Amino acid sequence: MKRYVAVVGMNQYFGSNVFRLGTALKLIKETDNPHDGEAIKVEIDPVGQVGYVANSTNTVPLGCQSAGRIYDTFCDSTFGVVRFVLEDTVIAEIPPIEIAILESDEAIEIVHIAYTK
């Protein structure tokens, strides 16, 4: 099942002009945010922060998940891919991630990470 999130607050940064279809986004938990305990900031490399994942019933579009809904589905950060660019909202898909783990008696090592379709 595809998961989508909306990026909002872009006008506080660079606006929607820095987004292109297919652009990779880094979604990072902002644990020290004083206004939202489930804040997830959005960055584009090398631009930096470009907005936040929507987390309000007023800003989360139909068909998208809120920051609160995805917050516990990853550790510190994850990635998204821009699928739609609108004037004040960008819709990104969070692709499922497949992780191959090599286990031994002494350690667990991640040997392969790939996005699945």
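Our structure is the block above this text.
Keep in mind that what you see is a predicted model, and the values were worked out from it rather than measured.

> Just to check I follow, could you spell out the sheet that holds strand 2 (residues 24–29) for this structure?
Within a sheet, each strand pairs with its neighbour through backbone hydrogen bonds, oriented either parallel or antiparallel. Read once around its circumference, the closed barrel built from six strands follows the order 1-4-3-2-5-6, with strand pairing classed as antiparallel. With strand direction ignored, the average angle separating the axes of adjacent strands in the sheet is 45°. The pairing of strand 1 (residues 3–8) with strand 4 (residues 48–53) spans two bridges and is antiparallel. Paired with V8 across the bridge in strand 4 is Y52.

> Hey, could you run me through the packing of aromatic side chains in this one?
Each aromatic ring pair is characterised by the separation of its centres together with the angle its planes make. One pass over the structure, following the stated rule, counts zero aromatic pairs. Positioned over the ring face of Y71 is K29, at 4.4 Å from the centre of the ring. Taking the ring centre of F74 as reference, the NZ or CZ of K29 above it sits at 5.2 Å.

> Before we go on, may I ask you to explain the nonpolar core in this structure?
The tendency in soluble globular proteins is for nonpolar side chains to be buried as a group. Membership of the largest hydrophobic core comes to 19 residues, with the highest contact counts inside it found for F19, L25, L27 and I40. Put simply, the parts of the chain that give this core at least two residues each are strand 1, strand 2, strand 3 (40–44), strand 4, helix 1 (67–70) and strand 6 (90–94). Ignoring anything within four residues of it in the chain, the contact list for L25 reads V7, F19, V42, E43, I44, T78, F79, G80, V82 and A92. The next biggest cluster of nonpolar side chains, apart from the first, holds five residues, and it includes A6, V8, C64 and I91.

The rules behind the values
Residue numbers here run from 1 along each chain, matching the order of that chain's written sequence. pLDDT decides what is reported in this predicted model: residues at 70 or higher carry local features, side-chain atom pairs at 80 or more are listed and counted, and totals for whole chains, interfaces and linings draw on all residues regardless. Side-chain calculation: all heavy atoms of the structure are included, whereas hydrogens and water are not. Two strands make a pair as long as DSSP finds a minimum of two bridges between them. Counting from the N terminus, the helices are the DSSP runs of H or I reaching at least four residues and the strands are the DSSP runs of E reaching at least two. Here the axes come from fitting lines to C-alpha atoms, over the contacting stretch only for helices, and the angles between their N-to-C directions go from 0 to 180 degrees. Stacked, edge-to-face and tilted labels apply to pairs of Phe, Tyr and Trp rings (six-membered ring for Trp) whose centres lie within 6.5 Å, assigned for plane angles under 30 degrees, over 60, and everything in between, in that order. Should the NZ of a Lys or the CZ of an Arg lie within 6 Å of a ring centre and within 35 degrees of the ring normal, that charge is described as sitting over the ring. Among buried residues, the Ala, Val, Leu, Ile, Met, Phe, Trp, Tyr and Cys ones that are joined through side-chain atoms within 4.5 Å form a nonpolar core. Between buried and exposed lies partly exposed: a residue is buried under 20% and exposed over 50% of the maximum accessible area for its type, with that area taken using a 1.4 Å probe on protein chains only. We call two residues in contact when some of their heavy atoms are within 4.5 Å.

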